[in-house]
Amino acid sequence: MSFYRSPLSISAFDAKFEAQKIAFAPISFQVARCLLKFNLLQIISDHGENGCQLPTLAQHSELSEYAVGVLIDMGLSMGLLYLKDEAYVLDKIGHFLLHDDMAKTNLNFTHDVCYQGLFELEASLLEGKPKGLKSLGDWPTIYPGLSQLPEEIKKSWFEFDHYYSDHAFESLLPLIFQEKPKHIVDVGGNTGKWALACTGFDNQVQVTIMDLPGQLNVAMENAANAGVAERVHAFVTDLLDEQKPFCEQGDLYWMSQFLDCFSESEILSILKRAAAVMKPDSELCILETFWDRQPFEAGAFCVNATSLYFTAIANGNSRMYHSKTLLKLISQAGLFVDEDIDNIGLGHTLLRCKRKP
Ligand SMILES: C[S@@+](CC[C@H](N)C(=O)[O-])C[C@H]1O[C@@H](n2cnc3c(N)ncnc32)[C@H](O)[C@@H]1O
């Protein structure tokens, strides 16, 4: 990691400006969202290098000239737009806000899932509980509620979750099937996307998904729709309950974007239970986004920001970890890392683990 290791090279004057950007950050965020929502960035983009004047923009939009005016003037201040005489022209940051699917996915997730709940960050930090979760529903953590979230919010949550794992899955399949596993146990298998990717890649493999009941219903429906119901099996569980059995007989245990949903002590307990059912030659493959393993500072920013979603909304006690934290827990659970591969998909790391002899 080449960043975060020295003071920023920035003048006091510019640093003071950066501090003001933070002070007004929620306002900038909502302005960006509304510029997108009301199509204003798109209309300005359509007008190319000559740009578009306020009255024309208002004519093309459902908003009043006043409403468009406050948005686009703040758009100038945020560096999304610039002025050419009286016309507003799309600048580079505006271009990426409009066209970059990662920015869109992160923005929708932040708005729909996190925005209201983050008001409770302070209380969440003090109590170690996701005090903002009540903005979405009445559950102890977000996970039992995933399948019951209102449609728009559910869409943003799943698009966010899938965006990152989908980018990793394609390059992972050949790696995961290197040792030709016959039975894969997908721990926290969610909607069954990985299970379906595996059954599509290998026409013999059997996949068991361990998850909470709400998610498993969705996953099994997806498996049936894909015509692989006889090769995808449901293992209903709550991994926070140490008394519940762990699926045995897996050649390969798969935990993708899963351990970050738990605190360090919960991770240790889950890993110990996995190690206890693993055969001497079983593998445990962990796919995570560690903030210290990001090739670019932008990645570390997104990963560290996501931690606060866990704090205020998801469960109050988990985060996107530093790789050293997970490596320590893996060893404490009686496992060792056989292979450690960075830069998979969008900043994922694959840890291939085995039981210590
Ligand atoms: C962030 S999603 C990861 C989904 C998927 N593995 C991927 O890579 O996109 C976490 C998954 O863990 C499941 N999960 C969370 N808490 C759980 C628990 N206590 N017991 C079982 N599954 C749980 C959730 O239902 C969800 O499907």
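Residues numbered from 1 in each chain as written. Predicted model: local features only at pLDDT ≥ 70, side-chain atom pairs only at ≥ 80, totals over all residues. Heavy atoms only, no water.

### Some words on the overall build of the protein chain
Logical step 1: Across its full length, the protein chain carries 14 helices and nine strands.
Logical step 2: For a compact globule of 357 residues, the expected C-alpha radius of gyration is about 21 Å, and the protein chain comes in at 23 Å, within 12% of that figure.
Logical step 3: In terms of overall dimensions, the protein chain has C-alpha extents of about 70 × 50 × 40 Å along its principal axes.
Logical step 4: Split into buried and exposed, the 357 residues of the protein chain put 48% on the buried side.
Logical step 5: Considering only contacts within the protein chain whose residues lie at least 6 apart along the sequence, 67% involve residues at least 24 apart.
Logical step 6: Across the protein chain, the 29 positively charged side chains and the 46 negatively charged ones have centroids separated by 6 Å. (Helix = DSSP H or I, 4+ residues; strand = E, 2+ residues; numbered from the N terminus. Rg over C-alpha atoms; globule rule 2.2 N^0.38 Å. Buried < 20%, exposed > 50% of the residue type's maximum accessible area, 1.4 Å probe, protein only. Contact = heavy atoms within 4.5 Å. Lys, Arg positive; Asp, Glu negative; His and termini not counted. Charge placed at Lys NZ, Arg CZ, Asp CG, Glu CD.)

### Digging into the site of the ligand
Logical step 1: Contacts to the ligand come from 17 residues, most closely from Asp-161, Asn-190, Asp-211, Asp-238 and Ser-256.
Logical step 2: The contact in question runs from a nitrogen atom of the ligand to an N or O atom on the backbone of Gly-188, over 2.9 Å.
Logical step 3: Across the complex, the protein chains shield 96% of the 600 Å² of accessible surface that the ligand would expose by itself.
Logical step 4: No other element matches helix α9 (residues 151-176), which puts three residues into the shell around the ligand.
Logical step 5: Grouping the amino acids of the shell around the ligand by side-chain chemistry returns eight nonpolar, six polar and three charged. (Near = heavy atom within 4 Å. Polar contact = N/O pair within 3.5 Å; in protein donor to acceptor, adjacent residues only side chain to side chain. Areas by Shrake-Rupley, 256 points an atom, 1.4 Å probe, with all protein chains shown as cover. Nonpolar A, V, L, I, M, F, W, Y, C, P; charged D, E, K, R; others polar.)

### Examining the environment of Ala-58
Logical step 1: As for its position among the elements, Ala-58 is in helix α4 (residues 54-60).
Logical step 2: With 44 residues separating them in the primary sequence, Ala-58 and Met-102 have C-alpha atoms 28 Å apart.

### Observations concerning the UniProt feature "domain: O-methyltransferase C-terminal" (unreviewed entry) in the protein chain
Logical step 1: The sites that carry the UniProt feature "domain: O-methyltransferase C-terminal" (unreviewed entry) are, in the present numbering, residues 182-334.
Logical step 2: This span, residues 182-334, is 42% helix and 18% strand, and a straight line between its end C-alpha atoms measures 24 Å. (UniProt positions renumbered as here; feature names shortened; annotations may be inferred.)

### Observations concerning a nonpolar patch on the surface
Logical step 1: On the surface, Met-1, Tyr-4 and Phe-301 cluster together into a nonpolar patch covering about 330 Å² of accessible area.
Logical step 2: Within the secondary structure, Met-1 sits in the segment before α1 (12-23). (Patch = residues over 30% accessible without salt bridge, like charges linked within 9 Å, V, L, I, M, F, W, Y side chains within 5 Å. Salt bridge = Lys/Arg side-chain N within 4 Å of Asp/Glu carboxyl O.)

### Quick word on the pattern of salt bridges
Pairs can form between side chains of opposite charge once their charged atoms are near each other.
Logical step 1: Going through the model one piece at a time under the given rule, you end up with 15 salt bridges.
Logical step 2: For Asp-340, the salt bridge identified is with Arg-293, shortest N-O distance 2.8 Å. Residue Asp-340 is found in strand β8 (residues 335-344), and its partner Arg-293 is found in the loop between β7 (283-288) and α13 (297-314); the two are separated by 47 residues along the sequence.
Logical step 3: Residue classification places Asp-340 among the partly exposed residues on the basis of a relative accessible area of 36%.
Logical step 4: For Arg-293, a relative accessible area of 17% translates into the label buried.
Logical step 5: What emerges from the salt-bridge pattern is a single network uniting Asp-292, Arg-293, Asp-340 and Asp-342.

### A short note on the sheet that holds β7
Logical step 1: The mixed open sheet is built from seven strands, whose spatial order is β5-β4-β3-β6-β7-β9-β8. The sheet terminates laterally at β5 (232-236) and β8, the two strands that pair on one side only. Averaged over all pairs of adjacent strands, the angle between their axes in this sheet comes to 20°, without regard to strand direction.
Logical step 2: Contacts from helix α14 (residues 323-332) reach β7, β8 and β9 (348-355) within the one sheet, and its direction differs from that of β8 by about 155°. (Pairing = 2+ DSSP bridges. Axes fitted to C-alpha atoms, helices over the stretch in contact; angles between N-to-C directions.)

### Things to note about the side chain of Asp-211
Logical step 1: Note that Asp-211 resides in strand β4 (residues 206-211).
Logical step 2: With no salt bridge to any partner, buried Asp-211 finds its closest opposite charge in Lys-244, at an N-O distance of 12 Å.
Logical step 3: With sequence-adjacent residues up to four places away left out, Asp-211 is seen in contact with Gly-188, Gly-189, Asn-190, Leu-216, Phe-235, Val-236 and Thr-237.

### Observations regarding the side chain of Ser-256
Logical step 1: Looking at where Ser-256 falls in the secondary structure, it is placed in strand β6 (residues 252-256).
Logical step 2: Beyond its immediate sequence surroundings of up to four residues, Ser-256 is in contact with Ser-165, Phe-169 and Leu-287.

### A closer look at the domain arrangement of the protein chain
Logical step 1: For the protein chain, the domain assignment lists domain 1 (12-99) and domain 2 (153-299 + 315-355).
Logical step 2: For domain 1 versus domain 2, the distance between C-alpha centres works out to 41 Å. (Domains from an automatic or database assignment.)

### Regarding the pairing of strand β2 (residues 87-90)
Logical step 1: Side chains Ala-87 and Val-89 project from β2 onto one buried face, and the interleaved Tyr-88 and Leu-90 project onto a second face that is buried too.
Logical step 2: Relative to β2, strand β1 (residues 81-84) runs antiparallel, the two being bridged by four bridges. What sits directly across from Leu-83, in β2, is Tyr-88.
Logical step 3: Between β1 and β2, which pair antiparallel and follow one another directly, the connecting turn spans two residues, one of which, Asp-85, has a positive phi of 55°.

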